[in-house]
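Secondary and tertiary structure notes
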Amino acid sequence: MTAHLAQLNLGVPVGPREDPRMAGFYGELDRINAIADGWPGFVWRLVDDEGADATSLRPYGDDTMVNLSVWKGLESLRDFTFRSGHLDVLRRRREWFHPLGEAATVIWWVPEGHIPTVGEAGERLELLRREGPTARAFTFRDPFPAP
(Lines give C-alpha, C1' and ligand atoms only; values in the text may rest on other atoms or scores of the structure.)
Protein backbone atom coordinates (compact mmCIF):
# COMPACT_ATOMS: atom_id res chain seq x y z
CA MET A 1 0.00 0.00 0.00
CA THR A 2 1.22 3.47 -0.83
CA ALA A 3 0.34 5.76 2.04
CA HIS A 4 -0.33 9.45 2.38
CA LEU A 5 -0.41 11.43 5.59
CA ALA A 6 -3.55 13.04 6.98
CA GLN A 7 -3.50 15.78 9.59
CA LEU A 8 -6.14 17.44 11.71
CA ASN A 9 -5.77 20.43 13.95
CA LEU A 10 -8.37 22.25 15.98
CA GLY A 11 -8.50 25.77 17.29
CA VAL A 12 -10.87 27.72 19.50
CA PRO A 13 -10.64 31.33 18.30
CA VAL A 14 -10.51 34.22 20.78
CA GLY A 15 -13.47 35.79 18.96
CA PRO A 16 -15.69 35.65 15.88
CA ARG A 17 -14.43 36.53 12.42
CA GLU A 18 -15.34 40.21 12.79
CA ASP A 19 -13.50 40.53 16.14
CA PRO A 20 -10.48 42.85 15.65
CA ARG A 21 -8.30 40.34 17.52
CA MET A 22 -8.86 37.86 14.66
CA ALA A 23 -7.94 40.30 11.87
CA GLY A 24 -4.33 39.12 11.68
CA PHE A 25 -5.36 35.49 11.34
CA TYR A 26 -7.93 36.13 8.63
CA GLY A 27 -5.56 38.55 6.92
CA GLU A 28 -3.00 35.73 6.50
CA LEU A 29 -5.40 32.91 5.67
CA ASP A 30 -5.53 33.23 1.86
CA ARG A 31 -1.74 33.59 1.64
CA ILE A 32 -1.06 30.54 3.81
CA ASN A 33 -3.64 28.42 1.99
CA ALA A 34 -2.05 29.41 -1.34
CA ILE A 35 1.36 28.37 -0.02
CA ALA A 36 -0.08 25.03 1.12
CA ASP A 37 -1.89 24.42 -2.15
CA GLY A 38 1.33 24.90 -4.10
CA TRP A 39 3.67 23.16 -1.66
CA PRO A 40 5.46 20.01 -2.91
CA GLY A 41 3.67 17.01 -1.46
CA PHE A 42 0.34 18.72 -0.83
CA VAL A 43 -2.63 16.52 -1.83
CA TRP A 44 -5.89 17.94 -0.44
CA ARG A 45 -7.43 20.17 2.21
CA LEU A 46 -10.92 20.55 3.60
CA VAL A 47 -12.81 23.60 2.36
CA ASP A 48 -16.34 24.87 2.86
CA ASP A 49 -18.94 25.25 0.10
CA GLU A 50 -17.30 28.52 -0.96
CA GLY A 51 -14.12 26.55 -1.66
CA ALA A 52 -11.59 28.94 -0.14
CA ASP A 53 -11.04 27.62 3.39
CA ALA A 54 -12.72 25.65 6.17
CA THR A 55 -13.13 28.41 8.76
CA SER A 56 -16.93 28.37 8.53
CA LEU A 57 -17.10 24.61 9.10
CA ARG A 58 -17.58 23.72 12.77
CA PRO A 59 -18.03 19.93 12.91
CA TYR A 60 -16.72 19.71 16.49
CA GLY A 61 -18.80 22.54 17.97
CA ASP A 62 -19.68 26.16 17.29
CA ASP A 63 -16.54 27.42 19.00
CA THR A 64 -14.00 25.12 17.29
CA MET A 65 -12.31 25.69 13.93
CA VAL A 66 -10.94 22.74 12.00
CA ASN A 67 -8.08 22.25 9.57
CA LEU A 68 -7.88 18.89 7.81
CA SER A 69 -5.46 18.05 5.01
CA VAL A 70 -3.62 15.21 3.25
CA TRP A 71 0.05 15.18 2.26
CA LYS A 72 2.31 12.79 0.36
CA GLY A 73 4.44 12.24 3.44
CA LEU A 74 5.67 13.45 6.79
CA GLU A 75 8.54 15.49 5.36
CA SER A 76 6.33 17.50 3.02
CA LEU A 77 3.93 18.33 5.86
CA ARG A 78 6.79 19.08 8.25
CA ASP A 79 8.51 21.32 5.68
CA PHE A 80 5.31 23.26 5.00
CA THR A 81 4.55 23.62 8.71
CA PHE A 82 8.01 24.66 9.87
CA ARG A 83 9.91 25.90 6.78
CA SER A 84 7.42 28.12 4.97
CA GLY A 85 5.53 31.32 5.68
CA HIS A 86 3.22 29.12 7.75
CA LEU A 87 5.76 29.16 10.58
CA ASP A 88 5.33 32.90 11.14
CA VAL A 89 1.58 32.42 11.50
CA LEU A 90 2.04 29.35 13.69
CA ARG A 91 4.21 31.37 16.07
CA ARG A 92 1.35 33.87 16.49
CA ARG A 93 -1.35 31.26 17.20
CA ARG A 94 -1.74 32.32 20.85
CA GLU A 95 -2.90 35.75 19.66
CA TRP A 96 -5.85 34.15 17.86
CA PHE A 97 -6.62 30.84 19.60
CA HIS A 98 -7.20 29.72 23.17
CA PRO A 99 -4.96 26.93 24.49
CA LEU A 100 -6.97 23.70 24.57
CA GLY A 101 -5.16 21.99 27.42
CA GLU A 102 -5.10 18.72 25.46
CA ALA A 103 -3.88 17.50 22.09
CA ALA A 104 -5.26 19.68 19.28
CA THR A 105 -3.30 18.15 16.39
CA VAL A 106 -3.12 14.56 15.15
CA ILE A 107 -1.38 12.92 12.20
CA TRP A 108 -2.05 9.47 10.73
CA TRP A 109 -1.40 7.43 7.59
CA VAL A 110 -4.14 6.83 5.03
CA PRO A 111 -4.11 4.80 1.81
CA GLU A 112 -3.17 6.88 -1.22
CA GLY A 113 -6.34 8.34 -2.70
CA HIS A 114 -8.28 8.23 0.57
CA ILE A 115 -9.84 11.50 1.70
CA PRO A 116 -10.53 11.37 5.44
CA THR A 117 -13.84 12.56 6.83
CA VAL A 118 -14.07 14.95 9.76
CA GLY A 119 -15.59 12.05 11.72
CA GLU A 120 -12.59 9.84 11.01
CA ALA A 121 -10.24 12.70 11.91
CA GLY A 122 -12.06 13.28 15.21
CA GLU A 123 -11.73 9.58 16.04
CA ARG A 124 -7.97 9.76 15.44
CA LEU A 125 -7.65 12.81 17.69
CA GLU A 126 -9.62 11.05 20.45
CA LEU A 127 -7.39 8.00 20.05
CA LEU A 128 -4.29 10.17 20.46
CA ARG A 129 -5.75 11.86 23.53
CA ARG A 130 -6.72 8.53 25.08
CA GLU A 131 -3.68 6.37 24.24
CA GLY A 132 -0.91 8.79 23.35
CA PRO A 133 1.08 8.45 20.12
CA THR A 134 0.58 5.15 18.29
CA ALA A 135 0.92 4.04 14.68
CA ARG A 136 -2.80 4.92 14.27
CA ALA A 137 -2.60 8.48 15.66
CA PHE A 138 0.60 10.42 16.32
CA THR A 139 2.34 13.80 16.38
CA PHE A 140 5.36 15.49 14.82
CA ARG A 141 7.21 14.88 18.07
CA ASP A 142 6.47 11.13 18.03
CA PRO A 143 6.02 10.12 14.36
CA PHE A 144 5.49 6.60 13.06
CA PRO A 145 6.68 5.34 9.66
CA ALA A 146 4.28 4.69 6.81
CA PRO A 147 2.81 1.19 6.82
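Since the structure is predicted, the reported quantities are computational estimates derived from the model, not experimental observations.

Attention now goes to the pairing of strand β5 (residues 105–111). Of all 7 residues making up β5, 5 are buried, and the element is well covered by its neighbours. The pairing of strand β1 (residues 3–13) with β5 spans 7 bridges and is classified as antiparallel. For histidine 4, the partnering residue across the bridge sits in β5 and is valine 110.

Applying the stated criterion across every chain yields a total of 9 aromatic pairs. By way of ring pairs, the aromatic residues Phe25, Tyr26, Trp96 and Phe97 are connected into one cluster.

Moving on: helix α1 (residues 23–38). If you check α1, its first and last C-alpha atoms are 24 Å apart, about what 16 residues at 1.5 Å a residue would give, namely 22 Å. Of all the bends in α1, the greatest measures close to 40° and is centred on leucine 29. Listed in full, the buried residues belonging to α1 are Phe25, Tyr26, Leu29, Ile32, Asn33 and Ala36.

Okay, the environment of serine 76 next. Structurally, the position occupied by serine 76 is in helix α2 (residues 74–83). Given the relative accessible area of 12%, serine 76 is considered buried. Put simply, serine 76 and valine 47 are 29 residues apart on the chain and 20 Å apart in space, counted from C-alpha to C-alpha.

Reading guide: rules and limits
Residues numbered from 1 in each chain as written. Predicted model: local features only at pLDDT ≥ 70, side-chain atom pairs only at ≥ 80, totals over all residues. Heavy atoms only, no water. Buried < 20%, exposed > 50% of the residue type's maximum accessible area, 1.4 Å probe, protein only. Helix = DSSP H or I, 4+ residues; strand = E, 2+ residues; numbered from the N terminus. Pairing = 2+ DSSP bridges. Phe/Tyr/Trp six-rings, centres within 6.5 Å; stacked < 30°, edge-to-face > 60°. Expected span 1.5 Å × (residues − 1). Bend = angle between axes of the 7 residues up to and from the residue.

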